[in-house]
Amino acid sequence: MAEYVIDIRSDTVTKPTEAMYQAMVTAPLGDDVLEEDPTILALEDRCAKMFNKESAMFVPTATMGNLICLMTHCQERGAEVIMGRKSHTFLYECGGLAQLAGVHTNAIDNSPTDGTLNLQDIRDNIRDTSNVHYPLTKAISLENTQNRCGGLVLPISYFQQVRELADEHKIAVHLDGSRLLNACVAAGVEPSAYTSLVDSVNMCFSKGLGTPAGAIIAGTAEFCKRARRSRKALGGGMRQAGVLAGAAMYALNNHVERLKEDHDNTIILAKCIDENGRPIASVDMSKVHTNILFVHFYNILAVEVVKRLAKVTEKEKLALGRSIIVKVDAYSKSEVRCVCHLNVSKEDIELVTIKLKYVLDELKLK
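Residues numbered from 1 in each chain as written. Predicted model: local features only at pLDDT ≥ 70, side-chain atom pairs only at ≥ 80, totals over all residues. Heavy atoms only, no water.

S.K.: It is not clear to me how the overall build of the chain should be interpreted in this structure. Could you clarify?
M.R.: Scanning the chain from terminus to terminus reveals 15 helices and 13 strands. Its C-alpha atoms give the chain principal-axis dimensions of about 65 × 50 × 35 Å. Residue pairs in contact within the chain that sit at least 24 positions apart in sequence constitute 75% of those at least 6 positions apart. Within the structure as shown, the chain displays about 16100 Å² of accessible surface, and the carbon and sulfur contribution to it stands at 51%. Positive and negative charge centroids in the chain, built from 42 and 45 side chains respectively, lie 4 Å apart. (Helix = DSSP H or I, 4+ residues; strand = E, 2+ residues; numbered from the N terminus. Contact = heavy atoms within 4.5 Å. Areas by Shrake-Rupley, 256 points an atom, 1.4 Å probe, with all protein chains shown as cover. Lys, Arg positive; Asp, Glu negative; His and termini not counted. Charge placed at Lys NZ, Arg CZ, Asp CG, Glu CD.)

S.K.: It is not clear to me how the pattern of salt bridges should be interpreted in this structure. Could you clarify?
M.R.: Where side chains of opposite charge bring their charged atoms close, a pairing between them can arise. Throughout the structure, instances matching the rule amount to 23 salt bridges. Close ionic contact of Arg148 with Glu335 constitutes a salt bridge, the shortest N to O distance being 2.7 Å. Of this pair, Arg148 sits in the loop between β5 (136–143) and α7 (156–169) while Glu335 sits in strand β13 (residues 335–339), and the two are 187 residues apart along the sequence. With a closest N to O distance of 3.7 Å, Lys364 and Asp361 form a salt bridge. Here Lys364 pairs with Asp361, and both are found in helix α15 (residues 346–364), just three residues apart, close to one helical turn. Residue classification places Lys364 among the partly exposed positions, given a relative accessible area of 30%. With a relative accessible area of 43%, Asp361 lands in the partly exposed category. Via salt bridges that share partners, Arg308, Glu316, Lys355 and Glu362 belong to a single interconnected network. (Salt bridge = Lys/Arg side-chain N within 4 Å of Asp/Glu carboxyl O. Buried < 20%, exposed > 50% of the residue type's maximum accessible area, 1.4 Å probe, protein only.)

S.K.: Just to check I follow, could you spell out the nonpolar core for this structure?
M.R.: Side chains of a nonpolar character, in soluble globular proteins, are inclined to be buried together. Counting 49 residues, the largest nonpolar core has Ile122, Phe159, Met203 and Phe205 as its most contacted members. Top contributing element to this core by residue count: helix α11 (residues 242–254), with seven residues. For Phe159, the residues in contact, after removing those within four places along its chain, are Leu142, Asn144, Leu154, Leu175, Tyr194, Leu197 and Val198. Counting 31 residues, the second-largest nonpolar core is a separate cluster that includes Ile280, Val306, Cys338 and Leu356. (Core = buried A, V, L, I, M, F, W, Y, C linked by side-chain atoms within 4.5 Å.)

S.K.: Looking at this structure, I do not really get a nonpolar patch on the surface. What am I missing?
M.R.: A contiguous nonpolar patch, built from Phe90, Leu91 and Tyr92 and spanning about 250 Å² of accessible area, is present on the exposed surface. Positionally, Phe90 belongs in helix α4 (residues 88–92). (Patch = residues over 30% accessible without salt bridge, like charges linked within 9 Å, V, L, I, M, F, W, Y side chains within 5 Å.)

S.K.: Mind showing me how you'd approach the side chain of Ser200 here?
M.R.: Locating Ser200 in the fold gives a position in strand β7 (residues 200–204). Ser200 gets classed as buried once you look at its relative accessible area, which sits at 0%. A polar atom in the side chain of Ser200 sits 2.8 Å from the side chain of His73. (Polar contact = N/O pair within 3.5 Å; in protein donor to acceptor, adjacent residues only side chain to side chain.)

S.K.: Is there a simple way to explain the sheet that holds β13 in this structure?
M.R.: Hydrogen bonds between backbone atoms are what pair the strands of a sheet, whose relative direction is either parallel or antiparallel. A sheet is described by the order of its strands in space; here four strands give the open sequence β9-β10-β13-β12, paired in antiparallel fashion. The two strands at the open ends of the sheet, each matched to only one other strand, are β9 (281–282) and β12 (329–330). In terms of strand pairing, strand β10 (residues 292–297) meets β13 through five bridges, oriented antiparallel. Looking across to β13, one finds that Ile292 is bridged to Val339. (Pairing = 2+ DSSP bridges.)

S.K.: What's the story with the packing of helix α2 (residues 38–51) against α11 in this structure? I'm lost.
M.R.: Relative placement of two packed helices is described by the angle separating their axes and the distance separating the axes. The contact between α2 and α11 brings their axes to 8 Å, and the two run at 40°. Looking at the two axes, α2 sits oblique to α11. The hand of the α2/α11 crossing is left-handed. Touching Thr39, Ile40, Ala42, Leu43, Arg46, Cys47 and Met50 of α2 are Gly242, Ala245, Gly246, Ala248, Met249, Leu252 and Asn253, all from α11. Its residues assigned to classes, the contact of α2 with α11 comprises nine nonpolar, four polar and one charged. (Axes fitted to C-alpha atoms, helices over the stretch in contact; angles between N-to-C directions. Parallel < 35°, antiparallel > 145°, perpendicular 65-115°, else oblique. Left-handed = near helix turned anticlockwise from the far one by under 90°. Nonpolar A, V, L, I, M, F, W, Y, C, P; charged D, E, K, R; others polar.)

S.K.: Where do I start with the packing of aromatic side chains in this structure?
M.R.: For any pair of aromatic rings, geometry is given as the distance between the ring centres together with the angle between the planes. Per the counting criterion, the structure on display carries five aromatic pairs. Summarising the aromatic geometry, the rings of Tyr158 and Phe159 are spaced 6.4 Å apart at their centres and angled 85° between planes, so their arrangement reads as edge-to-face. Here Phe159 falls in the buried class, since its relative accessible area comes to 1%. These aromatic residues form a ring-pair network of at least three members: Tyr92, Phe294 and Tyr331. (Phe/Tyr/Trp six-rings, centres within 6.5 Å; stacked < 30°, edge-to-face > 60°.)

S.K.: Please clarify how helix α3 (residues 62–73) should be interpreted in this entry.
M.R.: Three- or four-residue spacings in an α-helix give side chains the same orientation, since the helix completes a turn every 3.6 residues. Counted at 1.5 Å a residue, the expected span for α3 with its 12 residues is 16 Å, and the 17 Å between its end C-alpha atoms agrees. For α3, the tally of buried residues reaches 11 of 12 residues, placing the bulk of the element in the interior. For α3, the set of buried residues is Ala62, Met64, Gly65, Asn66, Leu67, Ile68, Cys69, Leu70, Met71, Thr72 and His73. (Expected span 1.5 Å × (residues − 1).)

S.K.: Any chance you could explain the sheet that holds strand β8 (residues 215–219) here in plain terms?
M.R.: The strand order across the open sheet formed by seven strands is β2-β8-β7-β6-β5-β3-β4, and the pairing between neighbours is mixed. Looking at strand neighbours, the two that pair on one side only are β2 (55–59) and β4 (104–108), the edges of this open sheet. Direction aside, neighbouring strands of the sheet carry axes that sit 20° apart on average. Of the pairings in the sheet, the one linking strand β6 (residues 172–176) to β7 comprises three bridges and is parallel in character. Across the sheet, the residue bridging to His174 is Ser200, located in β7. Against the sheet, α3 makes contact with β2, β3 (79–84), β5, β6, β7 and β8, and its axis sits at roughly 170° relative to β7, the strand it touches most.

What follows is the structure, given as structure tokens:
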């Protein structure tokens with residue numbers, strides 16, 4: 001009996017569709033370091049307009065995009081960025097701001113309810129510039145959707161409040177919008193509704209949009225001019241990068257509206273666990289906004305759940321009549337993350353629910 005593998009560890013595991021491959025193969029090319037790649041230039045122009053920014057710049061990864069943006073905001077020594085303790089930049093980007101940019105991070109708590117940073121907490125952590133003991137607060141970094149809080153969509157009204165606070169203190173606002181289009185589809189707004197309220201934005205193409213690599217940053221023309229030098233210093237200046245821009249252009253044309261399918265599939269998964277998980281597993285249905293789902297387990301380690309979903313027992317084969325392997329990721333001792341994406345269909349998710357119900361019932365007996 002052939003094994004059927006469904007990988008929902010992350011939306012980064014996607015592979016290009018045949019049509020996307022063709023877009024990559026046929027993309028006109030040039031030297032992007034010399035700013036002569038026509039497909040890169042077209043993508044940058046399109047994204048600048050989409051974000052309502054003067055300029056945009058292609059980068060190899062969203063991690064590099066965040067690093068470049070915050071480096072550009074923090075030009076002087078002793079600069080500091082305020083960000084969430086659960087932000088991707090703080091948790092999962094190797095401390096690049098400290099390692100490579102010499103920038104200090106001031107991490108404050110994300111709200112467990114909506115993923116935001118409390119406005120008073122931000123205000124309290126903006127440094128007094130007259131005190132020589134302190135670093136200098138140069139930027140606030142927000143994340144939308146908020147990955148570690150469960151793919152939550154931050155409200156536009158919150159961005160407006162942060163913008164006012166930042167203007168009051170003359171500091172920049174950066175948006176880690178790796179999954180920004182997921183937020184926009186869920187909220188029913190254009191990207192500019194968010195990006196018009198920030199000084200810089202970083203958006204990834206290789207997550208929900210399904211390209212093999214690449215991200216885009218945007219800001220003022222002067223910002224991108226300075227950012228281009230940082231990209232070169234970090235080794236991010238690519239030559240005939242239009243092959244990746246071709247994939248990104250195809251994704252923007254064909255993979256944005258379908259993000260709702262991923263969100264709908266995530267709700268199917270969440271309902272399955274909500275209805276069948278107790279007393280060993282639970283989800284917070286109020287936090288299922290987009291394509292990310294965190295499942296909390298009780299009296300069993302998350303890594304054990306991951307291992308069990310990745311194997312098929314003989315008894316299971318007989319009961320289900322097929323061999324289903326589900327790949328998920330343990331994010332803590334008690335949390336498993338599932339992420340729906342381009343390469344997982346509704347039919348695949350229905351198979352995942354069959355596997356989940358079987359495994360949950362099995363684990364309840366232990």
